[in-house]
Every structure is written in C-alpha cells, then in structure tokens.
Amino acid sequence: MTLLLISILMITSACQKRYNGEYIQWGDSEKTVDTKRLEENNIPYKNENGRVYVPEDAFDKAIFCCS
C-alpha cells in the first residue's frame, strides 16, 4: 500500500509543469488580479510594487484559466 502511494506521488509531481521564463506583468494591478485562481492552477506569480507578474511561459495558461 505504501509503495502505491509513493508511486502516485512521484507520478503526479513529475507531471507538474515547471515554469522558468522571465516574469512579465499580468493584469493592471494587484487589486484586479485573482491570485487565488492562479494558485488553484499551479501558476507561480510575484507581487511587486502593487502589480502581479507571472512567468512568460505560463502567460497563456493564465489567460485560459483566469480571464
């Protein structure tokens, strides 16, 4: 049973996309961006100076899930 759980964990973690592009601005301001939806879709983001930034290679996914 333990082996099965470990196998499932390894498979799901290996399937997650790793974003490593340059961070670009997403949305107008921190107040207009639903960061909860970004988190639910495993899209990393940064808050800087009242603006939200996502990796360039995650930009399309952010559009599909959060627009």
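Residues numbered from 1 in each chain as written. Predicted model: local features only at pLDDT ≥ 70, side-chain atom pairs only at ≥ 80, totals over all residues. Heavy atoms only, no water.

The set of residues buried in helix α3 (residues 59-66) consists of Ala62, Cys65 and Cys66. An end-on view of α3 places all buried positions within 75° of arc, on one side of the element. Opposite its buried face, α3 presents the exposed residues Asp60 and Phe64, each directed more than 90 degrees away. On its buried face, α3 sits against β1 (23-26) and α2 (35-40). (Buried < 20%, exposed > 50% of the residue type's maximum accessible area, 1.4 Å probe, protein only. Helix = DSSP H or I, 4+ residues; strand = E, 2+ residues; numbered from the N terminus. Arc of directions from axis to C-beta. Contact = heavy atoms within 4.5 Å.)

On the surface, Met1, Leu4 and Leu5 cluster together into a nonpolar patch covering about 370 Å² of accessible area. Locating Leu4 in the fold gives a position in helix α1 (residues 2-15). (Patch = residues over 30% accessible without salt bridge, like charges linked within 9 Å, V, L, I, M, F, W, Y side chains within 5 Å. Areas by Shrake-Rupley, 256 points an atom, 1.4 Å probe, with all protein chains shown as cover. Salt bridge = Lys/Arg side-chain N within 4 Å of Asp/Glu carboxyl O.)

Now for the packing of aromatic side chains. According to the stated counting rule, one finds one aromatic pair in the structure shown. Aromatic side chains Trp26 and Phe59 sit 5.3 Å apart centroid to centroid with 85° between the ring planes, which places their arrangement in the edge-to-face category. You can see Trp26 sitting in strand β1 and its partner Phe59 sitting in helix α3, a full 33 residues away along the chain. Residue classification places Phe59 among the partly exposed residues on the basis of a relative accessible area of 25%. Positioned over the ring face of Tyr23 is Lys46, at 4.2 Å from the centre of the ring. (Phe/Tyr/Trp six-rings, centres within 6.5 Å; stacked < 30°, edge-to-face > 60°. Lys NZ or Arg CZ within 6 Å of the ring centre and 35° of its normal.)

Summarising burial for strand β3 (residues 51-55): four of the five residues are buried, a large majority. Taken together, the four bridges between β1 and β3 define a ladder with antiparallel strand orientation. Looking at β3, one finds that Gln25 is bridged to Tyr53. Across three bridges, strand β2 (residues 46-48) lies against β3 in antiparallel orientation. Each residue of the ladder has a partner; that of Asn47, found in β3, is Val52. The hairpin formed by β2 and β3 contains two residues between the paired strands, and Asn49 there has a positive phi angle of roughly 55°. (Pairing = 2+ DSSP bridges.)

By themselves, these figures tell us nothing about what the structure is for.
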